[in-house]
Amino acid sequence: MENEKKSIKTKLINIFIVLVIIVISIFMYAKYYETTKIIVNDERIISEKLPSNFSGVKVVYFTDTLIGSTFNVEDVNNLVNNINSYKPDIILFGGNLLNKNVKLDKKILTSLTKLDSTLGKYFVMGYLDSEEVSTSLESIGFKKLDNISELIYNDSITPICLYGVSSYNNGNSKLDELTKCEGLYTLVFTHEGDILSKIEKNKYNLFVAGNSLGGEINIPFYGELYKKYYKTIKNDSIYISNGIGTIKSFLRFNNYPSFTLFRLKSTVTK
């Protein structure tokens, strides 16, 4: 009987040790591996409302770099090279460049300057972005769309309309000038997806946002640990990016950091 008790105790200790190893392994994976593996979400957008000259145009949206979290100054150059490898025509940055209490390093701007596009680089403000960040991005060739629209031409008399919405969480978002996009293929990009509740579906053709970070930790059979209101809904042309950095747990599990590549395809014949 005593030997049997010792055997049971030994088994329980072994099970405990295995569980501890599993937990530590998952933590190490979520902390040091998954946070560093940036993937690209390659999406094809097909629409009869796109001007024919925009077929083949590539749009990259990246957001929530949150430099100083699990994404650091030294990582920016690799992200830039990754984005440039797809030869984007339009680059959109969705805000939250730096993590809380992180200072803007000149190395960051030096790397971001290398981002290359043929039709323009644009950004909107996230709720963590300061005026220094805004001014600095403008100084390296990004155009700020602060609740305003921009007509983008691609060797055609018919443009598409790009509308940037400032931070919803900061109470700075406005949609007044969205009416200027009426009748045109309209791409709305912003930081927080919450503004969707204020936009009628027929006012945009493609909506892109970030902020949610995909919940950071996605537990199988449970879902996101840090839940947000909006997710990607491809059928409704709504895309919510997982972003690059982290802000709550400094971990990512079952939720790789990413940016999104949109390949535009018009069904209009020339």
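Residues numbered from 1 in each chain as written. Predicted model: local features only at pLDDT ≥ 70, side-chain atom pairs only at ≥ 80, totals over all residues. Heavy atoms only, no water.

Side note on the pairing of strand E3 (residues 90–93)
- Alternating positions in E3 separate into two faces, Ile 90 and Leu 92 on one and Ile 91 and Phe 93 on the other, with burial throughout.
- Across 4 bridges, the pairing between strand E2 (residues 58–62) and E3 is parallel. For Phe 62, the partnering residue across the bridge sits in E3 and is Phe 93.
- In terms of handedness, the path from E2 via helix H2 (residues 73–84) over to E3 forms a crossover that is right-handed.
- For E3 and strand E4 (residues 120–123), the ladder comprises 4 bridges, and the chain directions are parallel. Residue pairing for E4: Ile 91 is matched across the bridge by Lys 121. (Buried < 20%, exposed > 50% of the residue type's maximum accessible area, 1.4 Å probe, protein only. Helix = DSSP H or I, 4+ residues; strand = E, 2+ residues; numbered from the N terminus. Pairing = 2+ DSSP bridges. Right-handed = clockwise from strand over helix to strand, strands pointing away.)

As for the nonpolar core
- Membership of the largest hydrophobic core comes to 26 residues, with the highest contact counts inside it found for Phe 62, Ile 83, Leu 97, Leu 112, Leu 115, Leu 137 and Phe 142.
- Looking at this core, the elements with two or more residues in it are E2, H2, E3, helix H3 (106–112), helix H4 (131–139) and strand E13 (258–266).
- A total of 4 residues in this core trace back to one element, the largest contributor, which is H2.
- Beyond its immediate stretch of four places on either side in the chain, Leu 112 contacts Val 76, Val 80, Leu 97, Lys 121, Leu 137, Ile 140 and Phe 142.
- Counting residues in hydrophobic clusters, the runner-up holds 23 residues, among them Leu 50, Leu 119, Leu 145 and Leu 264. (Core = buried A, V, L, I, M, F, W, Y, C linked by side-chain atoms within 4.5 Å. Contact = heavy atoms within 4.5 Å.)

Digging into H2
- The first and last C-alpha atoms of H2 sit 18 Å apart over 12 residues, in line with the 16 Å expected at 1.5 Å per residue.
- Where H2 is concerned, the buried positions are Val 76, Leu 79, Val 80 and Ile 83. Buried residues of H2, seen end-on, are gathered within an arc of 100 degrees and therefore sit on one face of the element. Opposite its buried face, H2 presents the exposed residues Glu 74 and Asn 78, each directed more than 90 degrees away.
- Of the surrounding elements, those touching the buried residues of H2 are E2, E3, H3 and E13. (Expected span 1.5 Å × (residues − 1). Arc of directions from axis to C-beta.)

Observations concerning the sheet that holds E13
- Here 6 strands make up an open sheet; going across it, the order is E1-E13-E2-E3-E4-E5 and the pairing mixed. Single-partner strands in this sheet number two, and they are strand E1 (39–47) and strand E5 (143–144).

Section: the pattern of salt bridges
- Scanning the entire structure with this criterion turns up 4 salt bridges.
- Notably, a salt bridge pairs Glu 150 with Lys 143, separated by 2.7 Å at the nearest N-O pair.
- You can call Glu 150 buried: its relative accessible area is 17%.
- The partner of Glu 182 in a salt bridge is Lys 203, and the shortest N-O contact between them spans 3.5 Å. With a gap of 21 residues between them, Glu 182 in the loop between strand E7 (160–165) and strand E8 (186–192) and Lys 203 in the loop between E8 and strand E9 (206–210) connect regions that are remote in the sequence. (Salt bridge = Lys/Arg side-chain N within 4 Å of Asp/Glu carboxyl O.)

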